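Breakdown of the fold
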Amino acid sequence: MSFIQESFEFCRNRFNSESAAKAYSTKHVNSRKGKREIQCIEQALSGLRKNSQVLDLPCGTGRLSYYINT
């Protein structure tokens, strides 16, 4: 098995569970990183008209999708 395949398998096994998704979706809510991510999204979307279509890719657990929909 190649290093890339081993790395993929490790990550999939570590994060591919309901408990991991729940922990990740709340991990950065009030952190410096989470606030910076929100600022980046707001800045990137600031020039769009209301109700514009936006592709959220990859969406992960969707923890930041609220900021795209507002």
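Rules used throughout
Residues numbered from 1 in each chain as written. Predicted model: local features only at pLDDT ≥ 70, side-chain atom pairs only at ≥ 80, totals over all residues. Heavy atoms only, no water. Salt bridge = Lys/Arg side-chain N within 4 Å of Asp/Glu carboxyl O. Helix = DSSP H or I, 4+ residues; strand = E, 2+ residues; numbered from the N terminus. Buried < 20%, exposed > 50% of the residue type's maximum accessible area, 1.4 Å probe, protein only.

Side note on the pattern of salt bridges
The final tally for this structure, using the stated rule, is 2 salt bridges. The salt bridge involving R12 is made with E9; its shortest N-O contact spans 2.8 Å. Here R12 pairs with E9, and both are found in helix 1 (residues 3-15), just 3 residues apart, close to one helical turn. Note on R12: relative accessible area 38%, which makes it partly exposed. A salt bridge links E37 to K33; the shortest N-O distance between them is 4.0 Å. Residue E37 and its partner K33 are located together in helix 3 (residues 32-45), separated by 4 residues, close to a single helical turn. Take K33: its relative accessible area is 42%, and that puts it in the partly exposed class.

Some details on the environment of Y24
Mapped onto the elements of the fold, Y24 is located in helix 2 (residues 18-27). The spacing of Y24 and R14 is 10 residues in sequence and 12 Å in space, taken between C-alpha atoms.

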